[in-house]
Structures are given as C-alpha cells and as structure tokens.
Amino acid sequence: MRTGCLVATRERAAQVGEELGVGEFVAHALEQNPKRVAVIPIPTDVRNLVAVPADGIGDDPGKYRKRIDEAVAAVKGLAVRDAVWCLNEMPAPEPEPGVPADAHWKTRHALGALSAALYRYDEHKSKPSPDRGIARVAVLAEPGTRTAVRRAVRDGSALDAGLSLARDLANAPANVCTPQYLADAVSELARLDNVSVEVLEEAQMAELGMGAFLSVTRGSDIPAKLIAARYQGGSESDAPFVLVGKGVTFDTGGISLKPGAAMDEMKFDMCGAASVAGALRAAALANLPINVVAILAAAENMPSGKASRPGDIVSTMSGQTVEILNTDAEGRLLLCDALTFARRYEPCAVVDVATLTGACVIALGAHASALYANDEDLGRQLAAAGRVTSDRAWPMPLWDDYQEQLKSNFADMANIGGRPAGSITAACFLSRFADGLCWAHLDVAGTAWRSGARKGATGRPVPLLFQYLLDRAEEAGKAASAP
C-alpha cells in the first residue's frame, strides 16, 4: 500500500516492517520507545509507521481514549495528506455497560478524535495557515467487520459535518454571527434531503405572545429570530424529537452588565443553538429514519435605553408571567418561550441545550455537562449517549425543594433564584414550561468552549445528541422489523 502513514499497534507495525523489508530498523525504533507512541519514518511506500502500545489499558475507557488521542496527535504532527488506520484490533473496554467496544465504536471514536484534532478556524485571518492536514483517512476492516466499519464511517462522517457546522458558527465573531447570520446558515440545511426551515421574525413572535423572548432583544438594534429546522426521516405520523438551543449571539448581560474580563467569550453564548443545528445536520446526512426538529432561539443581549430593566415583568407564550430580577439571566427567557413553541410539533421528547449558568461551570468544570430531566428514561438515554461518545453529562437534581427560590411578590415567578444552586434553579425555571412534555435540559456552559491558548468552540454536545438520535433510530428500526 502507498500512504503517508500507517497507524497500527506495535505488533502490527513490526509485522508491516518485516513485509516492507525494514524489519530490523522498525524493531530497533520500537525498542527505543517501549511505552510510548512511536513515529517511525521509513523509506518505503508507507512513509511513516505510527506504532501504538496496546497494553496497560485494562478496564479503563479513559486510558483507551488517551492512547487514541496520542496516536492522533502523532499523525497530526506528521503533516501528511493521507493515512491508513488499523487500530481496531487494539483491545478496548466497554464504553458503556452492555455496549461492546466493537469495530463500529472503535472506528467512530477514532474518526471523532481525528475530527477534533484536525479542526481549525481561520476564516478571518488575512493570511490563513497553509492546509497541511490529512485529506483522506482509510480504515482497515478485518474480515467480518466491513459492514460495521462502513456504517461507522457513514455515521462518523455525518457527525464530523455536524460538528464542523456547530464549531464554525460558534467561533465566528459576534459582528458576523448575528441572529440573521444564524438564520441564513440554518436555511442552507434546506438543501439536504427531507429538511425544511422556517424563520420567525419579531412581529410573528409578538403575535404568538413571546414576551419573555422579546424582552431579551429589546436593547439590541439587531432583530431576533426564531429558527425552526425540520428533518423528516420517518413517516408523517411519527412524533419528532425536538432539540431547542439557546442562541444569544452576544451577551453583554444587558442592564445587569457583565464584567469586562473575558467578555469576548460571550460570542459563545449561542453554542446551544449551534449544537442543535449541528445535530440536525448530522441526522439528515446519516439518513436516520426518525423525525427531528431543531429550534434556535437567536437574539443579542445588549444594554440601551430600550433594554429590559431589573424589576420588569413580562408575559410568556404560555401565559405565565416572569419578574426579571437580573437581565443577565436571559437565556431562560428565550428558552421558556421556545419550549412553549415546541409543543406545536407534538414531540415525543424535547431536549434543550444552553450555555445557561456560570454555576454549572463551578459545579462540574469543563468535563461534564449538567443534565436535568423530568423523565427518568430520557435522562438515562442521554447520559448513556454521553458515555458512549465521551461527551459526558452528569445527572443533576430537579427537586421541587428548589422551586421555592423562584418565588416573586409581583409575578408568577422570578427569573433567578439567588446564588445557591444557580444551575438547578435555572433548570427548575425551565421545567415550569415543560409540564406535560418528556423533557430534558443540558447546561453546557462549561463544555461548549475552551478558554486560554486553545480558545474555541468544542462542538459539544453534538456527539451526545447525535448518539441519542442514532439510538432512537435503531430502536425505531427494530420496532419496524418486529413481527
């Protein structure tokens, strides 16, 4: 074979070295790196061997993921245009009880790791770096695994496209990625098979009674948009899975102005909306036999003479009233009306995604999203999808005890519940608009983007959402084929 690099276990690398007539050279290089990933340049059709140690993983999925990430980092550093991946023979523990680490999972995980490592966003640099990344990856399929590997490549390619959309939208600066920009980008998805897009303007939202939603955008000169993308992969009678995303394209905090430090990162406050758009794109490209709706609540939160003030009271689409005690708790004001809007689709399940609270970052850091659900099965399904994809979510309480903090003397509820349990009270607020729905909320404030030298959008929780939809599609297929 002719390739820029072959990624293999140490044992397979030694075997390939023998076949290429450079066995002694490869064996010596492996001896020099007994515990690490070894990159071995060789003067043959295979220009580089990336040899990965397969021992020491045991029952820890984290160690397996780390080993794969090390292999991907080595490949990225080679600046080759193509690679052959043959690590599916490497042993791996179950990513989730009852879910085998088979060729499908291993291939999906490898492609996901490559996608994360090779992604870059330099759209606005005057002199973008030359493209020296991998353009083509071939996956070696052992006998009996070809069907599983092909399916994994299909799913992995669809997920990569969804992640790219989510990352690109989130990384765009706020003077580019406005609510109108989001509407235009999502409207492009209508080019895909079985996808249609509807965009509601502020006048239409006012007619629907979305006073909470419109209270957020009052201070901005840029009109808000409510964007609904529908993917019809199942039959007309199948209830859809509805994904709702917070799309605050820039969040100053409004009159309750944020501190200036790191305010540039508030362009990432639309990551929830970007992720649901990415998940729908992935579902459509994978031709999943289910129906999916992505609703993006897009607005800018700015201070001005027209902006909402602390103490203002607004009416929601549901008819409930809200006292706005803090204009920086604006995401829930968008989402509460978007959740009510979602009812028109008669969904089988609703999942909202939002960079909602700093309290979530304090509680869970950057490792896990916070997961709230009013339905145990839905909560378990989302948590399982997160474990399978390494896009983890941690179940949090949604107890009535916390509802007490949202009391208002002047309206049905306040939009904040004080400092204690801030992520939980935000979820409790949203739960009041999900009564009767099978509903879950993902607070991704700590996972949707990174700060520091690696600043940028991660694309999370697109992998979790896509896996959740894949699982539901598999269930639908089994039900359809049952006698």
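1. Comments concerning the overall build of the chain
Part 1 of the reasoning: Scanning the chain for helices and strands turns up 14 helices and 18 strands.
Part 2 of the reasoning: Over its C-alpha trace the chain gives a radius of gyration of 24 Å, about what one expects of a compact globule, namely 23 Å for 483 residues.
Part 3 of the reasoning: If one aligns the C-alpha atoms of the chain with their principal axes, the spans along those axes are about 80 × 60 × 45 Å.
Part 4 of the reasoning: Among the 483 residues that make up the chain, the fraction classed as buried is 55%.
Part 5 of the reasoning: The long-range share in the chain, meaning contacts at least 24 apart out of those at least 6 apart in sequence, stands at 76%.
Part 6 of the reasoning: For the chain, the exposed surface amounts to about 20,800 Å²; the carbon and sulfur share of it is 50%.
Part 7 of the reasoning: Mean positive and mean negative side-chain charge positions of the chain (49 and 58 charges, respectively) differ by 6 Å.

2. Things to note about the sheet that holds strand β13 (residues 369-373)
Part 1 of the reasoning: Read from one edge to the other, the open sheet built from 8 strands follows the order β6-β7-β9-β8-β12-β16-β13-β14, with strand pairing classed as mixed. Edge positions in the sheet fall to β6 (195-200) and β14 (393-395), since each has one partner strand and no second. Taking the axes of each pair of neighbouring strands and ignoring which way they run, one obtains an average angle of 20° across the sheet.
Part 2 of the reasoning: Here strand β8 (residues 241-251) runs beside strand β9 (residues 291-301); their pairing, made up of 10 bridges, is parallel. Residue K246 lies in a different strand from β9, and its bridge partner there is A297.

3. Side note on the environment of S215
Part 1 of the reasoning: Tracing the chain through its elements places S215 in helix α8 (residues 211-217).
Part 2 of the reasoning: Not counting the four nearest positions on each side in its chain, S215 is found in contact with S308, V314, I324 and L333.

4. Comments concerning the pattern of salt bridges
Part 1 of the reasoning: Counted under the stated rule, the structure contains 22 salt bridges.
Part 2 of the reasoning: Linking D312 and R309 is a salt bridge whose minimum nitrogen-to-oxygen distance equals 3.3 Å.
Part 3 of the reasoning: On the basis of relative accessibility, which here comes to 46%, the residue R309 falls in the partly exposed class.
Part 4 of the reasoning: Note that R472 is salt-bridged to E475, the shortest N-O span being 2.9 Å. Taken together, the positions of R472 and E475, both in helix α14 (residues 462-481) and 3 residues apart, correspond to about one turn of that helix.
Part 5 of the reasoning: Residue classification places R472 among the buried positions, given a relative accessible area of 9%.
Part 6 of the reasoning: A network of salt bridges, in which partner residues are shared, links R12, E89 and E142.

5. Let's talk about the packing of aromatic side chains
To describe a pair of aromatic rings, one takes the distance between the centres and the angle between the planes.
Part 1 of the reasoning: If you walk through the whole model with that rule in mind, you get 6 aromatic pairs.
Part 2 of the reasoning: Ring centres of Y64 and W105 lie 5.5 Å apart, and the angle between their planes is 35°; this geometry places the pair in the tilted category. Taken as a pair, Y64 in helix α3 (residues 61-78) and W105 in helix α4 (residues 103-118) lie far apart in primary sequence, 41 residues in all. In this pair, the class of Y64 matches that of W105, namely buried.
Part 3 of the reasoning: Summarising the aromatic geometry, the rings of F241 and Y468 are spaced 5.9 Å apart at their centres and angled 90° between planes, so their arrangement reads as edge-to-face. In this pair, F241 is assigned in strand β8 and Y468 in helix α14, connecting sequence segments 227 residues apart.
Part 4 of the reasoning: Exposure remark for F241: the relative accessible area of 12% places this residue in the buried category.
Part 5 of the reasoning: It is R167 that lies over the ring of Y119; its NZ or CZ is 5.2 Å from the centre.

6. Brief notes about the packing of α3 against α4
Each pair of packed helices can be described by the angle between their axes along with the distance between the axes.
Part 1 of the reasoning: Viewed as axis vectors pointing N to C, α3 and α4 meet at an angle of 50°, and their least axial separation amounts to 9 Å. With respect to their mutual orientation, α3 and α4 come out oblique. Crossing geometry of α3 relative to α4 is assigned as right-handed. Contact residues: Y64, R65, I68, D69, V72 and K76 in α3; W105, K106, H109, A110, A113, L114, A117 and L118 in α4.
Part 2 of the reasoning: In terms of residue class, the contact of α3 with α4 is made up of 9 nonpolar, 1 polar and 4 charged.

7. Points about the sheet that holds strand β4 (residues 82-86)
Part 1 of the reasoning: Read across the sheet, 5 strands follow the order β2-β3-β1-β4-β5 without closing on themselves; strand pairing throughout is mixed. In this open sheet, the two edge strands, each paired with only one partner strand, are β2 (38-41) and β5 (136-139). The average angle at which neighbouring strand axes cross in this sheet is 20°, direction not considered.
Part 2 of the reasoning: For strand β1 (residues 5-9) and β4, the ladder comprises 4 bridges, and the chain directions are parallel. For L6, the partnering residue across the bridge sits in β4 and is V84.

Each value, and the rule that gives it
- Residues numbered from 1 in each chain as written.
- Predicted model: local features only at pLDDT ≥ 70, side-chain atom pairs only at ≥ 80, totals over all residues.
- Heavy atoms only, no water.
- Helix = DSSP H or I, 4+ residues; strand = E, 2+ residues; numbered from the N terminus.
- Rg over C-alpha atoms; globule rule 2.2 N^0.38 Å.
- Buried < 20%, exposed > 50% of the residue type's maximum accessible area, 1.4 Å probe, protein only.
- Contact = heavy atoms within 4.5 Å.
- Areas by Shrake-Rupley, 256 points an atom, 1.4 Å probe, with all protein chains shown as cover.
- Lys, Arg positive; Asp, Glu negative; His and termini not counted.
- Charge placed at Lys NZ, Arg CZ, Asp CG, Glu CD.
- Pairing = 2+ DSSP bridges.
- Axes fitted to C-alpha atoms, helices over the stretch in contact; angles between N-to-C directions.
- Salt bridge = Lys/Arg side-chain N within 4 Å of Asp/Glu carboxyl O.
- Phe/Tyr/Trp six-rings, centres within 6.5 Å; stacked < 30°, edge-to-face > 60°.
- Lys NZ or Arg CZ within 6 Å of the ring centre and 35° of its normal.
- Parallel < 35°, antiparallel > 145°, perpendicular 65-115°, else oblique.
- Left-handed = near helix turned anticlockwise from the far one by under 90°.
- Nonpolar A, V, L, I, M, F, W, Y, C, P; charged D, E, K, R; others polar.

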